[in-house]
Amino acid sequence: MRLALFGGTFDPVHYGHLRLAEEACEAANLERVLFIPAHTSPFRTAERLSAHAHRLQILRLAVQDNPRFEVSDLEIQRGGVSYTIDTVRTLRQHYPNAELFLILGADALQGFTAWREPDAIAQECRLLVGVRPHYDLQATLEQLPESIRRRVQPVPMTPLGVSASDLRQRVRQGRSIRYLTPPNVIEYIQQHRLYLEPE
Ligand code: ATP
């Protein structure tokens, strides 16, 4: 099986994430994408995230009509700081014969060498990297060590400037987030009165 991991805080998920996953499926002929919300991002330990249950449920709503997309609560169940290499090793045990991929945006690739055991991750997974406005993928690629660079497959996608922090800010300001994330996600955010408090 050609299986991709897609990690993030997803607070909340938006069309930038969903388009990246869709384009990655096409580019690498993926059979399944696992969206894995982090319990705690190693680089954002001071940030207050929305409750795990909300981030999970929002993701489930967002992917429910796509048979290739699935949500995994593996990192949330594991608890603590979420290191991708731990998740990769767990999934490798579950799927010993799968061809593994890791989906990430150009901004995440920029900081990739600061992740825990980046070489081990790149050895297990091909890296499917989507463009993101304001991030120079080419320059980032040139700075990476060869062992990692040769594992990168750029994913051509329509650049989308949407970000979760922008969505949160819009909700807080009482502005519209229509067309930035699926309608059932917006409905959930409104019903549960998420993102109204100052961060
Ligand atoms: P925040 O605004 O809170 O920092 P975010 O929108 O960047 O959040 P994350 O959950 O941190 O979302 O991102 C998860 C992954 O999705 C990362 O690899 C990131 O690079 C990628 N990503 C997020 N938004 C986009 C986008 N608009 N285009 C391409 N990749 C994206």
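None of the values given here were measured: they were computed from a predicted structure.

It is worth spelling out the overall build of the chain at this point. Each helix and strand in the chain was counted, giving 10 helices and 6 strands. For 199 residues, the compact-globule estimate of 2.2 N^0.38 gives 16 Å, and the C-alpha radius of gyration of the chain, at 16 Å, lies within 12% of that figure. Seen along its three principal axes, the alpha-carbon backbone of the chain occupies a region of about 45 × 35 × 35 Å. Buried positions account for 49% of the 199 residues belonging to the chain. Nonlocal contacts in the chain, meaning residues at least 24 apart in sequence, comprise 77% of its contacts between residues at least 6 apart. Total accessible area on the chain is roughly 10,200 Å²; 46% of this is exposed by carbon and sulfur atoms.

Right, let's talk about the environment of Phe35 for a bit. Note on placement: Phe35 falls in strand 2 (residues 32-37). Using a relative accessible area of 0% as the deciding quantity, one classes Phe35 as buried. Along the chain, Phe35 and His134 lie 99 residues apart, while their C-alpha atoms are 24 Å from each other. In this view, Phe35 contacts Phe6, Phe10, Leu18, Ala21, Leu59, Val63, Phe69, Glu70, Val71 and Ser72; residues no more than four positions away in its chain are not counted.

On to the packing of aromatic side chains. Under the criterion given, the structure shown has 5 aromatic pairs. Arranged with centres 5.3 Å apart and planes meeting at 50 degrees, the rings of Phe6 and Phe35 form a pair that is tilted. Note that Phe6 is positioned in strand 1 (residues 2-8) and Phe35 in strand 2, a separation of 29 residues in sequence. Since its relative accessible area comes to 4%, Phe6 is described here as buried. Between the aromatic rings of Phe10 and Phe35, the centroid separation amounts to 5.9 Å while the plane-to-plane angle is 50 degrees, which identifies the pairing as tilted. You can see Phe10 sitting in the loop between strand 1 and helix 1 (15-28) and its partner Phe35 sitting in strand 2, a full 25 residues away along the chain. Of the residues examined, Phe10 reaches a relative accessible area of 1% and is grouped as buried.

Our focus in this paragraph is the packing of helix 2 (residues 52-63) against helix 10 (residues 183-191). Across the interface, helix 2 lies against helix 10 with an axial gap of 8 Å and an inter-helix angle of 155 degrees. Put simply, helix 2 runs roughly antiparallel to helix 10. Both helix 2 and helix 10 take part in a crossing whose hand is right-handed. Where helix 2 approaches helix 10, its residues Ala53, His54, Gln57, Ile58, Leu61 and Ala62 are matched on the opposing element by Asn184, Val185, Tyr188 and Ile189. Grouping the constituent residues of the contact of helix 2 with helix 10 by class yields 7 nonpolar, 3 polar and no charged.

Close to the ligand lie 22 residues; His14, Asp107, Leu160, Ala164 and Ser165 are nearest. Gly105 is positioned such that a nitrogen or oxygen atom in its backbone is 3.0 Å from an oxygen atom of the ligand. Separating an oxygen atom of the ligand from a side-chain N or O atom of Asp107 is a distance of 2.5 Å. Coverage of the ligand by the protein amounts to 91% of the 600 Å² it exposes when considered alone. More than half of the atoms of the ligand fall within 2 Å of the grid points belonging to the largest pocket. Split by residue class, the shell around the ligand holds 9 nonpolar, 9 polar and 4 charged.

Turning our eyes to something else, we now look at the sheet that holds strand 5 (residues 125-130). Taken in spatial order, the 6 strands of this open sheet run 3-2-1-4-5-6, and their pairing is parallel. Each having just a single partner strand, strand 3 (69-71) and strand 6 (152-155) make up the two edges of the open sheet. When strand polarity is set aside, the average angle formed by the axes of neighbouring strands in this sheet is 30 degrees. Sheet contacts for helix 1: strand 1, strand 2, strand 3, strand 4 (99-105), strand 5 and strand 6; angle to strand 4, the most-contacted strand, approximately 140 degrees.

On to helix 2, then. Taking 1.5 Å per residue, 12 residues should reach 16 Å; helix 2 reaches 17 Å between its end C-alpha atoms and fits that length. Where helix 2 is buried, its residues touch helix 1, strand 2, strand 3, helix 3 (74-78) and helix 10.

Criteria and cut-off values
Residues numbered from 1 in each chain as written. Predicted model: local features only at pLDDT ≥ 70, side-chain atom pairs only at ≥ 80, totals over all residues. Heavy atoms only, no water. Helix = DSSP H or I, 4+ residues; strand = E, 2+ residues; numbered from the N terminus. Rg over C-alpha atoms; globule rule 2.2 N^0.38 Å. Buried < 20%, exposed > 50% of the residue type's maximum accessible area, 1.4 Å probe, protein only. Contact = heavy atoms within 4.5 Å. Areas by Shrake-Rupley, 256 points an atom, 1.4 Å probe, with all protein chains shown as cover. Phe/Tyr/Trp six-rings, centres within 6.5 Å; stacked < 30°, edge-to-face > 60°. Axes fitted to C-alpha atoms, helices over the stretch in contact; angles between N-to-C directions. Parallel < 35°, antiparallel > 145°, perpendicular 65-115°, else oblique. Left-handed = near helix turned anticlockwise from the far one by under 90°. Nonpolar A, V, L, I, M, F, W, Y, C, P; charged D, E, K, R; others polar. Near = heavy atom within 4 Å. Polar contact = N/O pair within 3.5 Å; in protein donor to acceptor, adjacent residues only side chain to side chain. 1 Å grid on protein atoms, 1.4 Å probe; cavity = no way out; pocket = protein on both sides within 12 Å on 5 of 7 lines; lining within 4 Å. Sits in = over half its atoms within 2 Å of the grid points. Pairing = 2+ DSSP bridges. Expected span 1.5 Å × (residues − 1).

These figures capture arrangement, not role.
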